[in-house]
Each structure stands twice: as structure tokens, then as C-alpha cells.
Protein chains: 2
Amino acid sequence: MRQEFITQMDTLDEDLLRMSRYVRRAMERAVEAMNTCDVVVAEQTIDADDRIDELADHVDDQCVQLLALQAPVATDLRIVITSLRVSQTLERMGDLARHVAQIVRQSHPSKPAPEPIQQKIDQMAKLVVQAAHNVVDALTDKDIKLAGKIQDQDDAIDDLEIEINKLVLDESIELSRQQIANILLLARFFERFGDHATSVARRLAFQIQGIAVAHAHDFPAEGN
Amino acid sequence: MRQEFITQMDTLDEDLLRMSRYVRRAMERAVEAMNTCDVVVAEQTIDADDRIDELADHVDDQCVQLLALQAPVATDLRIVITSLRVSQTLERMGDLARHVAQIVRQSHPSKPAPEPIQQKIDQMAKLVVQAAHNVVDALTDKDIKLAGKIQDQDDAIDDLEIEINKLVLDESIELSRQQIANILLLARFFERFGDHATSVARRLAFQIQGIAVAHAHDFPAEGN
């Protein structure tokens, strides 16, 4: 029973890590599709989201099974609770990567925005991909020091969203309505992704330290 | 011990219901603020979100305590797992009500959109408030028949978002860039709220029937 339990906990950990790597890959590919105006890569990213959703369901099932049949305690219990929450968040991050790819497809063969806005979007995209890397690393190494880094990236992402929203209102930059829509949604999707990355870090802190990190302070509320 | 456990489960149920009523109230007030262009009501809705966040943390703590100290099984376990997930979703629904109120405040003293777009937004808002009511009722009565209703409302909400996004691209309707931004975001927030309502229904089905309802079929994936 004990050996079986250890095996199940290891599988859960592996599946959650795999999920985080899929999400990182999805956002990397979505951003690559944007940078290179490659609609094929965008399509592949959209299709690949199903795999993340399936894995999320699978991780959830494992958590429920573990809680029901093994009644884990202490650290093990915190790991299962964290996995349940983090899989929900990673699933959403996968959706956001898909949404980004959908906008790239919509804008094809042009980039979503003209300069100087595209440059700001590119900066945001770079930070978002970095945050996705840090999420994988934090989960892999159970390293909450990375949480601070994710938080800093999230702050920078939020600032860029505000800058981009201001640029959209600047009538001296010529924009079609479709471009306005694409820019606003893209900035919003990146902002949500950064926020979810922070939420994963917050959940990980709970797992490692056994304390819930309060809303809206060091780690902001998860948003929507 | 058993009596204590029953009391704790009752408290958990009451707090989750209270949270759902706060969320319903928040969205009702946000929509009321929009309908009446009342910036005071908008401000109150924005401020009231803290209470929802606090309750979410409190519900989470109770779930963790119950899992750690009482090791619930069968139906009780499913109730705790569902509460953990639903509180996360309700917390986000509260954030979305706050975001709606923020747009109302931004647009003040005008409505967010000119006609005929405002009319579509009003239709969306009405459905969203109905969905919030159904979420409270479904959770109160543990009634998954309401889940089907929430699903239908969500479909109608999604259709309206598509219609509104098309209207925004219609150059014959005069819109400032600020209006475009407000309309797109408002439609997005309502769409997210509807999606989360569906997610609560899906979680409730798991609690009552003990089965996870698959992604993207009867109940769509939770999105972001």
C-alpha cells in the first residue's frame, strides 16, 4: 500500500510537471507564430491545447483518487491539494496560449499590431514566455525563490498592458478596428497568463511552507 | 468528533453559499450601476470585492483543515473537493463583477456603448445576472437540473459576445477608441462570467453524481 502510494504520488508529480512543460511549449509556440507570422505554427498551437485539457482531467482524477483511497496527510496532503489547484490554473494558461495563437491566425499574414505597439507586445510576449519557464523550473525544483522572479515579471507584464492600452487610445497611431480588438485582447491574454503564473507560485508556496499566501499582497489575487 | 465534523461541513456549505450570494449581488450591482449610470454603486461594487476574496480564503482554509483533520470520505470528500474548486471559481466571478463596475466608472457619466451596441450589452448583462441567480439556486438546492439552464444561458452569452465583436468592427457605427476598448472588455468579462457559472455547474455535477463531467462537451472547459 505504501509503495503504491509513493508510486501514485510520483506519477502525479510527473504529470503536473509534464502539464507545465506543455503550457510553456504552447506559449512559446504561440509567440513564435506571432514573431514569424507563421499560421501553421499557430494552428498547431491551437490543436495542441486538447492535450493540455486531457492532462488536466487526468491530474484531477488522480488527486481525487489519492484523497479518496489513500487519505494523505501533512506534506503529501498539501501536494495533492496544490496539484488540484495548479492543474486548474495550468489548464487556463493553456487556453490563453491557444487564444494568442487564434489572434495570430486572425491577423495573418500581418503581425497583430503596427509599430510602435507591436514592439510593446513583443516585450510582453518575451516576459510571458520567461514566466512560463520559471513556472516549470519552480515546479520542477520546488523552488519558491523563483516565485519572487515570477512576481516581478508579472508586475512588468501589468505595466506593459497599461502602456499598450494607452497607445491604443493614441489617435495619432493609425489602427483599424480589427487591430484595436486584436491588440486589446492580446494584451489581456498575456496579462492573464502572467497573473496565473503568479498564482502557481502562490500555490507552490503553500505546498512547501504550509501557509496560504494572502491575496493581493506579495502574490495578487488570481483574477479571472 | 463526528458532531464537530458535521458542524464543520455545515459551516463550509453556508460559507460557500454566502460567497455565491455575494457574487450574485456584485454582478447585480455592477449591472445596476451600468443601467443607471450610477458611479456610486459602481464604486461600492468595486470595494465589496474584498469581502468575496476574504471569504474565498476562508473557505479554502476550511477545506484544507477538513481534509487534514477529518479525512472525509465518499460524498463528504466530494463536497470538500467541490468547495475547494468552486470557491476558486466564485472568487474569479467576483473579480469579473468588479471589472464590469470599473468600466462603468470609466464610462461615467455615459453608458459604455452607443446604440445599437449598448442594447446587446444589456441583453448580455441580463443573461449574466440570471446565470448568477441560477448558480446560487443550484448550489442551495444541490440541483443539477439548473446546470442545463446555466449551460443554455452561457451559449446565449457566447453568441452575444460574437455579435458584439462584429458590431464593433462595423465602421458605420461611430465609436471612440475608448468606447471600443470598453465594449470589447465588457463583452469579454460577461463571457468569462458565464463560462465560470458553467464551471460551477460542472463541479456541482461531480459533487452530486460523483463523476467528472468531461471538458468541452456538455460542459465546456473553464477557459481563463
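Fair warning: this is a prediction, and the values are worked out from it, not measured in the lab.

(A) Region of interest: the nonpolar core. Counting residues in hydrophobic clusters, the biggest one holds 152 residues, and the most contacted among them are Met27, Leu90 and Phe190 of chain A together with Met27 and Phe190 of chain B. If near-sequence neighbours (up to four positions away) are discounted, Phe190 of chain A is found in contact with Met27, Val31, Met34, Val100, Ile121, Met124, Ala125, Val128 and Ile157 of chain A.

(B) The pattern of salt bridges, seen in detail. Taken as a whole and assessed by the stated rule, the structure comprises 28 salt bridges over all chains. A salt bridge links Asp13 of chain A to Lys142 of chain A; its shortest N-O distance comes to 2.8 Å. Of the two residues, Asp13 of chain A sits in helix α1 (residues 2-36) while Lys142 of chain A sits in the loop between α4 (117-141) and α5 (145-169), which places them 129 residues apart along the sequence. With a closest N to O distance of 3.2 Å, Arg85 of chain A and Asp60 of chain B form a salt bridge. Residue Arg85 of chain A is located in helix α3 (residues 74-107), and its partner Asp60 of chain B is located in helix α2 (residues 39-70); the two belong to separate chains. Within the structure, one salt-bridge network assembled from shared partners comprises Arg188, Glu191, Arg192 and Asp195 of chain A.

(C) Representation of unusual backbone geometry. Put simply, Glu115 of chain A and Pro116 of chain A share a cis peptide bond, and its omega is 0°. For Pro116 of chain A, the location among the structural elements is in the loop between α3 and α4. A cis amide bond links His108 of chain B with the next residue in sequence, Pro109 of chain B, at an omega value of 5°. By the secondary structure assignment, Pro109 of chain B is in the loop between α3 (74-107) and α4 (117-141). Despite not being glycine, Lys142 of chain A shows a phi value in the positive range, around 50°.

(D) Summary view of the packing of helix α5 (residues 145-169) of chain B against helix α6 (residues 177-209) of chain B. Residues and elements named next belong to chain B. Running from N to C, α5 and α6 cross one another at 165°; their axes reach a closest spacing of 9 Å. If you check the angle between α5 and α6, you find them roughly antiparallel. Handedness of the crossing formed by α5 with α6: left-handed. Side by side, α5 and α6 meet where Ala147, Ile150, Gln151, Asp154, Ile157, Asp158, Glu161, Ile164, Asn165 and Val168 of the first sit next to Ile180, Ile183, Leu184, Ala187, Arg188, Phe190, Glu191, Gly194, Asp195, Ala197, Thr198 and Ala201 of the second. Partitioned by chemical class, the residues of the contact of α5 with α6 number 12 nonpolar, 4 polar and 6 charged.

(E) Highlighting helix α2 (residues 39-70) of chain A. The first and last C-alpha atoms of α2 of chain A sit 47 Å apart over 32 residues, in line with the 46 Å expected at 1.5 Å per residue. Residue Ala71 of chain A follows α2 of chain A closely and has a positive phi angle near 35°.

(F) Quick peek at the environment of Ala187 of chain A. All names here are of chain A. In this fold, Ala187 is placed in helix α6 (residues 177-209). Residue class for Ala187 comes out buried when judged on its relative accessible area of 1%. Counting along the chain gives 110 residues from Ala187 to Leu77, while the straight-line C-alpha distance between them is 37 Å. Apart from residues no more than four positions distant in its own chain, Ala187 is found in contact with Met124, Glu161 and Ile164.

(G) Geometry of the UniProt feature "domain: PhoU" (unreviewed entry) in chain A. All names here are of chain A. When the UniProt feature table is mapped onto this chain, "domain: PhoU" (unreviewed entry) is found at residues 16-104 and 121-203. Spanning residues 16-104, this segment combines 94% helix with 0% strand, and its end C-alpha atoms are found 28 Å apart. As annotated, residues 121-203 comprises 88% helix and 0% strand, and the C-alpha atoms at either end are separated by 28 Å.

(H) Main features of the packing of aromatic side chains. Per the stated rule, a full pass over the model turns up 0 aromatic pairs over all chains. Lying over the aromatic face of Tyr22 of chain B, Arg51 of chain B brings its terminal NZ or CZ to 3.9 Å of the ring centre.

(I) Summary view of the interface of chain A and chain B. Taken together, the contact between chain A and chain B spans 44 residues of the former and 44 residues of the latter. Note on chain A versus chain B: buried area summed over both sides is about 3,800 Å², and carbon and sulfur give 56% of it. Where chain A touches chain B, the interface holds 6 salt bridges. In this structure, Asp60 of chain A and Arg203 of chain B form a salt bridge, with 3.9 Å as the shortest nitrogen-oxygen distance. Joining chain A to chain B, the criterion identifies 8 residue pairs in polar contact (both at pLDDT 80 or more). Sorting the residues of the side of chain A that touches chain B by element identifies α2, α3, α5 and α6 of chain A as the ones contributing at least two each. Here the side of chain A that touches chain B takes 12 residues from α6 of chain A, the largest share from any one element. Split into classes, the residues belonging to the side of chain A that touches chain B amount to 20 nonpolar, 8 polar and 16 charged.

Thresholds, definitions, all that
- Residues numbered from 1 in each chain as written.
- Chains lettered and ligands numbered in written order.
- Predicted model: local features only at pLDDT ≥ 70, side-chain atom pairs only at ≥ 80, totals over all residues.
- Heavy atoms only, no water.
- Core = buried A, V, L, I, M, F, W, Y, C linked by side-chain atoms within 4.5 Å.
- Buried < 20%, exposed > 50% of the residue type's maximum accessible area, 1.4 Å probe, protein only.
- Contact = heavy atoms within 4.5 Å.
- Salt bridge = Lys/Arg side-chain N within 4 Å of Asp/Glu carboxyl O.
- Helix = DSSP H or I, 4+ residues; strand = E, 2+ residues; numbered from the N terminus.
- Axes fitted to C-alpha atoms, helices over the stretch in contact; angles between N-to-C directions.
- Parallel < 35°, antiparallel > 145°, perpendicular 65-115°, else oblique.
- Left-handed = near helix turned anticlockwise from the far one by under 90°.
- Nonpolar A, V, L, I, M, F, W, Y, C, P; charged D, E, K, R; others polar.
- Expected span 1.5 Å × (residues − 1).
- UniProt positions renumbered as here; feature names shortened; annotations may be inferred.
- Phe/Tyr/Trp six-rings, centres within 6.5 Å; stacked < 30°, edge-to-face > 60°.
- Lys NZ or Arg CZ within 6 Å of the ring centre and 35° of its normal.
- Buried area = accessible area lost by both parts, 1.4 Å probe.
- Polar contact = N/O pair within 3.5 Å; in protein donor to acceptor, adjacent residues only side chain to side chain.

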